[in-house]
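One-letter residues, chain by chain:
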Amino acid sequence: MSRKIRLLIVEDETAIRGGLVDLFVFHGYAVDATDDGREGLRLALSGRYDLILLDVMLPGVNGFDICARIREQDREQPVIMLTAKSGDEDVIQGLSLGADDYVAKPFSVTQLVLRVQAVLRRSRIGTQAESRIRLGDAVELDCLNLSGRCGDSEHAFTRREMELLQYLHANAERPVSRDELLTRVWGYAKNLDLETRTVDIHIARLRRKIEPDAAHPRYLVTVRGAGYRLLVE
């Protein structure tokens, strides 16, 4: 008998937490849930979960701090943050701390399940792409060890960030659209109508790591009306 996928839900609103537990148990997941940030942090660092659904506003320890601590320990742990619909700054901060994606409240439960399934569907890009990527003379990326350097600066990458770079590198001859990246890197279905800034925020985060001047990118460039392109010199 196959092992059930394990989810951790850290959400302090009783009705939302209970509804999410029922939803994912119905879909066959094993679910643990807590309404407390300190307990959520302890469970999140246990390494027992295939994915963590993490609210931002929590008693004890907030979701941002939990996400940051997770990434200090594990750069591959799938994390989806639950944010207020109007909280644009929450989205930027959560993704900048290394969350794989975000879902804005109020959300469609059908779309939430699809997005959880997509994030859990680990990309196979890394097995088919280069294990090392060089950009010019100053940037070298170690895709297997999720690390890299830009000049004299060393950086750590999340698995999602490196998969994004690997996909752009494998298609370096052309710009790649946001929709294609959501489908091929995040695993979302083509017909899933998403309003998400996750690609743009991941691109901005990557530019701060691989560009000598993130405000004037020379490697990870925007092609107006077409998407993003990785220029390999």
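Look up: the structure comes first, before these words.
Residues numbered from 1 in each chain as written. Predicted model: local features only at pLDDT ≥ 70, side-chain atom pairs only at ≥ 80, totals over all residues. Heavy atoms only, no water.

Engineer: Sorry if this is basic, but what is going on with unusual backbone geometry here?
Structural biologist: Glycine aside, residues mostly have negative phi angles, and peptide bonds mostly take the trans form. The omega angle of the peptide bond from Lys 105 to Pro 106 is -10°, so this bond is cis rather than trans. In this structure, Leu 146 is a non-glycine residue whose phi angle is positive, near 55°. Of note, Leu 146 is situated in the loop between strand S7 (139-142) and strand S8 (147-150). (Helix = DSSP H or I, 4+ residues; strand = E, 2+ residues; numbered from the N terminus.)

Engineer: What should I look at first to understand the sheet that holds strand S3 (residues 51-55) in this one?
Structural biologist: In sheet architecture, strand pairing relies on hydrogen bonds along the backbone and comes in two forms, parallel and antiparallel. With parallel pairing, five strands are arranged side by side in an open sheet as S2-S1-S3-S4-S5. Edge strands, defined here as strands with exactly one partner in the open sheet, are strand S2 (30-34) and strand S5 (101-105). Neighbour-to-neighbour, the strand axes of the sheet open up by a mean angle of 20°, direction not taken into account. Pairing analysis gives four bridges linking S3 to strand S4 (residues 79-84), with the strands arranged parallel. Bridge pairing in S4 places Leu 54 opposite Met 81. Strands in contact with helix H4 (residues 88-96) are S4 and S5; relative to S4, the strand with the most contacts, it is inclined by about 165°. (Pairing = 2+ DSSP bridges. Axes fitted to C-alpha atoms, helices over the stretch in contact; angles between N-to-C directions. Contact = heavy atoms within 4.5 Å.)

Engineer: Quick question: what am I supposed to make of empty space enclosed by the protein here?
Structural biologist: Picture a little ball the size of a water molecule; that probe, rolled over the atoms, points out where space is still empty. Counted according to the given criterion, the structure contains one cavity of 30 Å³ or more. Taken as a whole, the largest cavity holds about 40 Å³ of empty space. As for the largest cavity, its lining consists of Ala 44, Leu 45, Gly 47, Ile 70, Gln 73, Asp 74 and Gln 77. Per-class residue counts for the lining of the largest cavity are three nonpolar, three polar and one charged. (1 Å grid on protein atoms, 1.4 Å probe; cavity = no way out; pocket = protein on both sides within 12 Å on 5 of 7 lines; lining within 4 Å. Points joined across faces, edges and corners; volume = space filled by probe spheres on them. Nonpolar A, V, L, I, M, F, W, Y, C, P; charged D, E, K, R; others polar.)

Engineer: Whenever I open this one, the pattern of salt bridges confuses me. Can you help?
Structural biologist: Side chains bearing opposite charge may pair, as long as their charged atoms lie close to each other. For the structure shown, the criterion picks out 21 salt bridges. In this structure, Arg 149 engages Glu 140 in a salt bridge whose closest nitrogen and oxygen atoms are separated by 3.8 Å. Residue Arg 160 pairs with Glu 163 through a salt bridge whose shortest N-O separation is 3.8 Å. Within this pair, Arg 160 and its partner Glu 163 are both found in helix H7 (residues 159-170), separated by three residues, close to a single helical turn. The exposure class of Arg 160 is buried, given its relative accessible area of 2%. Given the relative accessible area of 2%, Glu 163 is considered buried. One salt-bridge network, held together by shared partners, links Arg 132, Arg 134, Glu 140, Asp 142 and Arg 149. (Salt bridge = Lys/Arg side-chain N within 4 Å of Asp/Glu carboxyl O. Buried < 20%, exposed > 50% of the residue type's maximum accessible area, 1.4 Å probe, protein only.)

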